[in-house]
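Coordinate analysis (summary)
Spelled out, the chains give:
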Amino acid sequence: MDPPSKTAAGPPILVDAGRFRGRSVRPADASQEIADWFADPDRIGPLNLPPRVLSLPDLRRFFDSFDNRTRILVALIDRKAERLTGFYHAEVQPLHRLSRISFLNGPNDLLARRSMAALGRPLLALQFQRLGIEKIVAQVLTTNEVLCQHLERLGFRREGLLRAQVRGPGGERRDQVLLGLLQGELRPFGTDQNRNV
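Structure report, in brief.

Glancing now at helix H4 (residues 109-131). In an α-helix, one full turn covers 3.6 residues, which means residues spaced three or four apart are oriented alike. Most pronounced at leucine 119, the bend in H4 amounts to some 45°, and the proline proline 122 follows within four residues. Looking one or two places after H4, you find glycine 132, whose phi comes out positive at around 70°.

A word on the pattern of salt bridges. Tallying each qualifying case throughout the model produces 15 salt bridges. Among the ionic pairs, glutamate 33 bridges to arginine 83, the shortest N-O distance being 2.9 Å. With glutamate 33 in helix H1 (residues 32-39) and arginine 83 in strand S4 (residues 83-93), this residue pair connects regions lying 50 residues apart in the sequence. Here glutamate 152 makes a salt bridge to arginine 158, at a shortest N to O gap of 2.7 Å. The class for glutamate 152 is partly exposed, based on a relative accessible area of 25%.

The next thing to look at is the packing of aromatic side chains. Aromatic ring pairs are reported here in terms of the distance separating the ring centres and the angle at which the planes meet. Considering all chains together, one arrives at eight aromatic pairs under this definition. With centroids separated by 6.0 Å and ring planes inclined at 70°, the aromatic side chains of tryptophan 37 and phenylalanine 87 adopt a geometry described as edge-to-face. Here the residue tryptophan 37 occupies a position in helix H1, and phenylalanine 87 occupies one in strand S4, the gap between them amounting to 50 residues. Across the pair, exposure class does not vary: tryptophan 37 and phenylalanine 87 are buried alike. For phenylalanine 87, a relative accessible area of 1% corresponds to the buried category. Joined through ring pairs, the aromatic side chains of Trp37, Phe38, Phe62, Phe63, Phe66 and Phe87 make up one cluster. Above the face of the phenylalanine 66 ring, arginine 71 is positioned so that its terminal group lies 4.2 Å from the ring centre.

Let us look at the pairing of strand S5 (residues 98-105). When you tally the buried positions in S5, you get six out of eight residues, the bulk of the element. Examined bridge by bridge, S4 and S5 share eight bridges and lie antiparallel to one another. Within S5, the residue paired with glutamine 93 across the bridge is leucine 98. Linkage of S4 to S5, two consecutive antiparallel strands, is achieved through a turn of four residues, within which arginine 97 is found at a positive phi near 50°.

Time to look at the side chain of arginine 71. Of note, arginine 71 is situated in strand S3 (residues 71-78). Within the structure, the side chain of arginine 71 is placed 2.9 Å from the side chain of serine 65, a separation counted as a polar contact.

A few words now on unusual backbone geometry. One non-glycine residue, asparagine 68, adopts positive backbone phi at about 60°. Inspection of the secondary structure assignment puts asparagine 68 in the loop between helix H3 (56-64) and S3. Asparagine 68 sits in the buried class, given a relative accessible area of 11%. With a phi angle near 50°, alanine 164 is a residue other than glycine that sits in the positive phi range. Residue placement: alanine 164 occurs in strand S7 (residues 157-167).

With that out of the way, let us pick up helix H5 (residues 145-153). For H5, the set of buried residues is Leu147, Cys148, His150, Leu151 and Arg153. Note on H5: the residue one or two positions beyond its end, glycine 155, has a positive phi of about 120°.

Glancing now at the sheet that holds S3. Spatially, eight strands are ordered S1-S2-S3-S4-S5-S6-S8-S7 in an open sheet, and the strand pairing comes out mixed. The open sheet has two free edges, formed respectively by strand S1 (14-17) and S7, since each of these has just one partner strand. On average, each strand axis in the sheet is tilted by 25° relative to the strand beside it, whichever way the strands run. Bridge analysis of S5 against strand S6 (residues 135-141) gives four bridges, and the strand direction is parallel. For arginine 100, the partnering residue across the bridge sits in S6 and is valine 137.

Counting residues in hydrophobic clusters, the biggest one holds 34 residues, and the most contacted among them are Tyr88, Ile101, Leu123, Leu124, Leu151 and Phe156. Listed by contribution, the elements that provide at least two residues to this core are S1, S3, S4, S5, H4, S6, H5 and strand S8 (173-182). Among the elements that take part in this core, H4 stands out by supplying nine residues, more than any other. Every residue in contact with leucine 123, bar those within four places of it in the chain, is listed here: Ile13, Val15, Val74, Leu76 and Tyr88.

What counts and what doesn't
Residues numbered from 1 in each chain as written. Predicted model: local features only at pLDDT ≥ 70, side-chain atom pairs only at ≥ 80, totals over all residues. Heavy atoms only, no water. Bend = angle between axes of the 7 residues up to and from the residue. Helix = DSSP H or I, 4+ residues; strand = E, 2+ residues; numbered from the N terminus. Salt bridge = Lys/Arg side-chain N within 4 Å of Asp/Glu carboxyl O. Buried < 20%, exposed > 50% of the residue type's maximum accessible area, 1.4 Å probe, protein only. Phe/Tyr/Trp six-rings, centres within 6.5 Å; stacked < 30°, edge-to-face > 60°. Lys NZ or Arg CZ within 6 Å of the ring centre and 35° of its normal. Pairing = 2+ DSSP bridges. Polar contact = N/O pair within 3.5 Å; in protein donor to acceptor, adjacent residues only side chain to side chain. Axes fitted to C-alpha atoms, helices over the stretch in contact; angles between N-to-C directions. Core = buried A, V, L, I, M, F, W, Y, C linked by side-chain atoms within 4.5 Å. Contact = heavy atoms within 4.5 Å.

Right under this line is the structure:
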């Protein structure tokens, strides 16, 4: 797999939120366990990427291709267990000041959701403040109502239904919800954000 050419890199991302830490992915994060996540069609589907069988050198190159400016991949880490729980992914369109985000959960979905609940708001705020983003969008499978509700608690609004937008692992077409968040709409962190996540 040939990674995209890199632009001038932005500064590393580092966000702490209690038990969880979000930081820029590093080539050293590559492991066989994580390579298996990228080969799992159900796990990789939310990133709108096809499943890929990656060697460890391929995975290291893939992680190294993210520049913290237009292509962002943040490792979500449980500091208590010292292990990755998943990833926060953002693709930025500088011309339109638009960022498209997605999440990849590790095998412990509950822990991944908790890390996302703790780190989601600071990572969104970072894009608005550091990168000058004016709008953040997410495309979420209609079957993932938990994630839709969590994003809505952060201030996202449902902007449309994308019919038969992506293919499922068996080739079936799946609908997605388009959610959008404008600069200034991000809600303050509240304890209710951890409900059902």
